[in-house]
Amino acid sequence: QVQLVESGGELVQPGGSLRIACVASGNIFNANAMGWYRQAPGKERELVARITRLGYRIYAESAKGRFTISRDNAKKTVYLEMNSLKLEDTAVYYCKAEFAANLEYWGQGTQVTVSS
């Protein structure tokens, strides 16, 4: 069993930076990938960034050049560093762990609000 707890979401001004974290309990070393997703009001949940067990990263077009996903296996933590934040980045950000046989776990989300 894996539990994921996100933290670090807060109110930030446009152009600002924020780092959110996802701490896992349980064994995530066998996870095929860890990802960050977000869901804005009235919109579907979308992929923001994903990092595989081997460290391969992919980003949504909206995140390229501004966001960086990283993982610290010793701390069982995945981070999302967000820079040059825009109003449209406002959303609840969710962490996901992906395992074999389509097994996946989600966190409860952390609210990121970009507003002046």
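Residues numbered from 1 in each chain as written. Predicted model: local features only at pLDDT ≥ 70, side-chain atom pairs only at ≥ 80, totals over all residues. Heavy atoms only, no water.

Moving on: the state of the cysteines. The tally for this structure, following the rule as stated, stands at one disulfide. Each sulfur of the disulfide joining Cys22 and Cys95 lies 2.2 Å from the other. Given an S-S torsion of about -75°, the disulfide between Cys22 and Cys95 has left-handed geometry. Remark: Cys95 occurs in strand 9 (residues 91-98) and Cys22 occurs in strand 3 (residues 18-25); sequence separation between them is 73 residues. Cys95 sits in the buried class, given a relative accessible area of 0%. (Disulfide = S-S within 2.5 Å. Helix = DSSP H or I, 4+ residues; strand = E, 2+ residues; numbered from the N terminus. Buried < 20%, exposed > 50% of the residue type's maximum accessible area, 1.4 Å probe, protein only.)

Turning our attention to the nonpolar core. As a rule of thumb, nonpolar side chains are buried together in soluble globular proteins. Formed by 30 residues in total, the largest nonpolar core has its most connected members in Leu4, Trp36, Leu80, Met82 and Tyr93. Taken together, the elements giving at least two residues each to this core come down to strand 3, strand 4 (33-39), strand 5 (46-52), strand 7 (67-72), strand 8 (77-82), strand 9 and strand 11 (110-114). The residues touching Met82, leaving out its near neighbours within four places in the chain, are Gly16, Ser17, Leu18, Ile20, Arg66, Phe67, Tyr93 and Val112. (Core = buried A, V, L, I, M, F, W, Y, C linked by side-chain atoms within 4.5 Å. Contact = heavy atoms within 4.5 Å.)

Here we come to the environment of Gln111. Within the secondary structure, Gln111 sits in strand 11. Of the residues examined, Gln111 reaches a relative accessible area of 39% and is grouped as partly exposed. Separated by 104 residues in sequence, Gln111 and Ser7 place their C-alpha atoms 8.7 Å apart. Leaving out residues up to four positions away in the same chain, Gln111 has contacts with Gly9, Glu10, Thr90, Ala91 and Val92. At a separation of 3.4 Å, a polar atom in the side chain of Gln111 contacts the main-chain carbonyl oxygen of Ala91. Within the structure, the side chain of Gln111 is placed 3.3 Å from the side chain of Thr113, a separation counted as a polar contact. (Polar contact = N/O pair within 3.5 Å; in protein donor to acceptor, adjacent residues only side chain to side chain.)

This part takes up the pattern of salt bridges. Counted according to the given criterion, the structure contains seven salt bridges. Of the charged contacts, one joins Arg38 and Asp89 as a salt bridge, the two residues approaching to 2.9 Å between their closest N and O atoms. Linking Arg38 in strand 4 with Asp89 in the loop between strand 8 and strand 9, this pair joins segments that are 51 residues apart in sequence. Residues Arg38 and Asp89 agree in their burial class; the two are buried. Across the salt bridge formed by Glu61 and Lys64, the nearest N and O atoms sit 2.7 Å from each other. The class of Glu61 is exposed, set by a relative accessible area of 63%. We classify Lys64 as partly exposed; its relative accessible area is 45%. Residues participating in the shared-partner salt-bridge network are Arg38, Glu46, Arg66 and Asp89. (Salt bridge = Lys/Arg side-chain N within 4 Å of Asp/Glu carboxyl O.)

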